[in-house]
Amino acid sequence: MQKYGEPALFFFMAFFWGLNYIMVKYAYNYDVSSSILLMRVLYALAFSSALFFRQIKFPRTFAEHLKVFVLANLNITAFFSLWFFGETGVSASLTSIIIYSYPIMSLAASYFLLNDRFGRGKATGVALGFAGLVIIFLRSVDVSDYLDLIMLILAALSWALGTVFYRKFLTGYDSAGLNTLQLLYAMPIVLVIALITGGINRNLMIPQFNLIMLYMGSLGTAVAYFIFLTLYRKYRVSAISAYFFIVPAISVVLSLIILHEGISRTMLIGFAIMSVGIYMSGRLR
């Protein structure tokens, strides 16, 4: 990535997404996962529409509409719903590990579907990054329901496939406009899921819950996804995948600061291994 601008963008995206994990913990005090899904997408759509109104350009053909619809339901609907429902029965620590197997999945998908070639050094770097992530959360891993575990794995897979699909078919679109469109195209399916699972209820009116959703929808989704699409519009999947391990690392630091969770020697070792992996993946070509 370029020397200043794009690393700064990546940091803000990683910070916003890292803070999302803290916000989800607070949101579960007020409602179930289907309400979090609905309100996050609703606030994100409203914020992105207001912020990027001039960049919105609707597709002209049915095929283009279909491509945006597929992206929306891989990147937004399937990813968010499987994540939020899966986390109800799995610890936040294990959730982070599984969701951020995403770089490995996206790297494999880009190899087979985009012909994105990379050397052993980059693959080793990504593997080290994931190993460091596992070590960070190792002591707090707990599994109570394997169905939830499967949903989280599918969530990571959906996100990885969405990334590859975007790189293959939709990088010609303006990132801001496409980000708004994917939220708009996901909204009908999200609404149906909320209706079926009881996500529309009086708890949606709780001010504190709406403040959490306002953050997750605006900075945590609309702005963060805009940065995500902007970076992947320019860089190959293999070029930046390993950097995404920074997101759960930030969530650990924020948990320490905001939730006063402890940090152990094991976590520090995990951070060190993950840092080596990110460095190797970013340096080797």
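Please read these numbers as outputs of a predicted model, since none were measured by experiment.

J.: It is not clear to me how the nonpolar core should be interpreted in this structure. Could you clarify?
T.: Soluble globular proteins tend to bury their nonpolar side chains together. Core analysis: the largest hydrophobic core is formed by 85 residues, its most contacted members being Trp17, Trp83, Trp159, Phe228 and Phe244. Ranked by the residues each element gives to this core, the list is headed by helix H9 (residues 207–234), at 13 residues. Those residues in contact with Trp159, other than ones at most four positions away along the chain, are Trp17, Leu74, Asn75, Phe79, Ile99, Tyr100, Tyr102, Tyr225, Phe228 and Phe244.

J.: I keep staring at the packing of helix H3 (residues 62–87) against helix H8 (residues 175–197) and nothing clicks. Help me out?
T.: Pairs of packed helices are described in terms of their axes, by the angle between the two and the distance that separates them. Packing of H3 against H8 brings their axes to within 8 Å, and their N-to-C directions diverge by 50°. What the angle tells us is that H3 and H8 run oblique. Remark: the crossing between H3 and H8 carries right-handed chirality. Here His65, Val68, Phe69, Leu71, Ala72, Asn73, Asn75, Ile76, Thr77, Ser81 and Phe85 of H3 come into contact with H8, specifically with Leu178, Leu181, Gln182, Leu183, Tyr185, Ala186, Ile189, Val190, Ile193 and Thr197. Partitioned by chemical class, the residues of the contact of H3 with H8 number 14 nonpolar, seven polar and no charged.

J.: Is there a simple way to think about H8 in this case?
T.: Because each turn of an α-helix spans 3.6 residues, side chains separated by three or four positions in sequence point in the same direction. Here H8 is 23 residues long and its end C-alpha atoms lie 32 Å apart, about the 33 Å a rise of 1.5 Å per residue gives. One side-chain oxygen at the N-terminal end of H8 lies 3.0 Å from the backbone nitrogen of Ala176; it belongs to Asp174. The positive-phi residue at the C-terminal boundary of H8 is Gly198, with phi of around 80°.

J.: Can you help me understand the pattern of salt bridges in this one?
T.: Pairing is possible between side chains of opposite charge, provided their charged atoms come close. Within this structure, the stated rule accounts for three salt bridges. As a salt-bridge pair, Lys67 and Glu64 come within 3.4 Å of each other at their nearest N and O atoms. With Lys67 and Glu64 both in helix H3, this residue pair falls three residues apart, about one helical turn. Given a relative accessible area of 22%, Lys67 falls into the partly exposed group. In this structure, Arg236 and Asp116 form a salt bridge, with 2.8 Å as the shortest nitrogen-oxygen distance. Taken together, the residues Arg236 in the loop between H9 and helix H10 (237–240) and Asp116 in the loop between helix H5 (102–113) and helix H6 (120–137) connect sequence positions 120 residues apart. Taking relative accessible area as the criterion, Asp116 reaches 5% and is therefore assigned buried.

J.: Before we go on, may I ask you to explain the packing of aromatic side chains in this structure?
T.: For any pair of aromatic rings, the description consists of the separation of the ring centres together with the inter-plane angle of the planes. Taken as a whole and judged by the stated rule, the model has 32 aromatic pairs. Ring centres of Phe10 and Tyr243 lie 5.9 Å apart, and the angle between their planes is 65°; this geometry places the pair in the edge-to-face category. With Phe10 in helix H1 (residues 5–27) and Tyr243 in the loop between H10 and helix H11 (246–258), this pair connects stretches of sequence that are 233 residues apart. Accessibility expressed as a relative area gives 4% for Phe10, which makes it buried. Directly above the aromatic system of Phe80 lies the positively charged group of Arg40, at a separation of 4.0 Å from the ring centroid. The residue whose ring lies beneath Lys168 is Phe169, and the NZ or CZ to ring-centre distance is 5.9 Å.

Cut-offs and rules
Residues numbered from 1 in each chain as written. Predicted model: local features only at pLDDT ≥ 70, side-chain atom pairs only at ≥ 80, totals over all residues. Heavy atoms only, no water. Core = buried A, V, L, I, M, F, W, Y, C linked by side-chain atoms within 4.5 Å. Buried < 20%, exposed > 50% of the residue type's maximum accessible area, 1.4 Å probe, protein only. Helix = DSSP H or I, 4+ residues; strand = E, 2+ residues; numbered from the N terminus. Contact = heavy atoms within 4.5 Å. Axes fitted to C-alpha atoms, helices over the stretch in contact; angles between N-to-C directions. Parallel < 35°, antiparallel > 145°, perpendicular 65-115°, else oblique. Left-handed = near helix turned anticlockwise from the far one by under 90°. Nonpolar A, V, L, I, M, F, W, Y, C, P; charged D, E, K, R; others polar. Expected span 1.5 Å × (residues − 1). Polar contact = N/O pair within 3.5 Å; in protein donor to acceptor, adjacent residues only side chain to side chain. Salt bridge = Lys/Arg side-chain N within 4 Å of Asp/Glu carboxyl O. Phe/Tyr/Trp six-rings, centres within 6.5 Å; stacked < 30°, edge-to-face > 60°. Lys NZ or Arg CZ within 6 Å of the ring centre and 35° of its normal.

Just geometry here; none of it tells us what the structure is for.
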